[in-house]
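Residue-level structure breakdown
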Amino acid sequence: VQLQASGGGLVQAGDSLRLSCAASGRTFSNYVMGWFRQAPGKEREFVAAISWSGGSTFYADSVKGRFTISRDNAKNTVYLQMNSLKPEDTAVYYCAASPRVYSGSSYRISGYDYWGQGTLVTVSS
């Protein structure tokens, strides 16, 4: 499956931004989808994951209550709505797809087989 992330940009602290990730090549609804991010000089980290149907979601503590992951299987797209953005949210955001059952592996980089190219989010203070 091929993934194309978009929607990044430069915003101010407190603003909102919605990232999109369009998938192609395989049956999108067969994949658990996740968002990860990598800040400058830091390791890539988990942000959010969503099950095949969208019925289950999970978030990193750092974004819980501010970010919302969702998916539209008819459009082969997963979204990350980011509200109340903080400077520490500045990072390259990556979407990823996993053919595995939604589980603990859905929160780990190793649980995903396919990755998008990343989209940069910069939050100024």
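Use the structure listed above.
I will try to describe carefully the structure that is included in this document. On a predicted model such as this, the values are computed, not experimentally measured, just so you know.

**A closer look at the overall build of the protein chain**
Looking only at helices and strands, the protein chain features 0 helices and 11 strands. Counting helices and strands in the order they occur from the N terminus, the protein chain gives β-β-β-β-β-β-β-β-β-β-β. The C-alpha atoms of the protein chain give a radius of gyration of 13 Å, which matches the 14 Å a tight globule of 125 residues would have. Considering only C-alpha atoms, the protein chain reaches an extent of 40 × 25 × 25 Å along its principal axes.

**Examining the packing of aromatic side chains**
Counted according to the given criterion, the structure contains 9 aromatic pairs. Look at Phe36 and Trp115: their rings are 5.0 Å apart centre to centre, the planes differ by 55°, and that puts the pair in the tilted class. A residue pair is termed long-range when its members are at least 10 positions apart, and Phe36 in strand E4 (residues 32-38) and Trp115 in strand E10 (residues 114-115) qualify at 79 residues. A relative accessible area of 0% places Phe36 in the buried class. One aromatic cluster is present, built from ring pairs that chain together Phe36, Phe46, Phe58, Tyr102, Tyr107, Tyr112 and Trp115.

**A look at the sheet that holds strand E7 (residues 67-72)**
The sheet built from 4 strands is open, its strands ordered E1-E3-E8-E7 with antiparallel pairing. Looking at strand neighbours, the two that pair on one side only are strand E1 (2-6) and E7, the edges of this open sheet. Going across the sheet, the axis of each strand differs from the next one's by a mean of 15°, ignoring polarity. Two elements, E7 and strand E8 (residues 77-82), share 6 bridges in a ladder whose sense is antiparallel. The residue bridging Phe67 from the neighbouring strand is Met82, located in E8.

Cut-offs and rules
All residue numbers here refer to positions counted from 1 along the written sequence of the relevant chain. With the structure being a predicted model, the display of local features is reserved for residues of pLDDT at least 70 and the display and counting of side-chain atom pairs for 80 or more, all residues being used for whole-chain, interface and lining totals. Based on all heavy atoms of the structure, the side-chain values leave hydrogens and waters out of the count. Numbering of helices and strands runs from the N terminus; a helix is a DSSP stretch of H or I covering at least four residues, while a strand is a stretch of E covering at least two. Atoms counted for the radius of gyration: C-alpha only. Globule rule: 2.2 Å times the number of residues to the power 0.38. Each pair of aromatic rings taken from Phe, Tyr and Trp, with Trp reduced to its six-membered ring, is defined by centres within 6.5 Å and is described as stacked if the planes are under 30 degrees apart, edge-to-face if over 60, and tilted in the remaining cases. Any residue under 20% of the maximum accessible area for its type is buried, any over 50% is exposed, and the rest in between are partly exposed; the area is computed with a 1.4 Å probe on protein chains only. Strands were regarded as paired on the criterion that DSSP finds at least two bridges between them. Lines are fitted to the C-alpha atoms to define the axes, a helix being fitted only along its stretch in contact, and any angle between axes, read from their N-to-C directions, falls within 0 to 180 degrees.

Any functional reading would require information beyond the geometric quantities listed.
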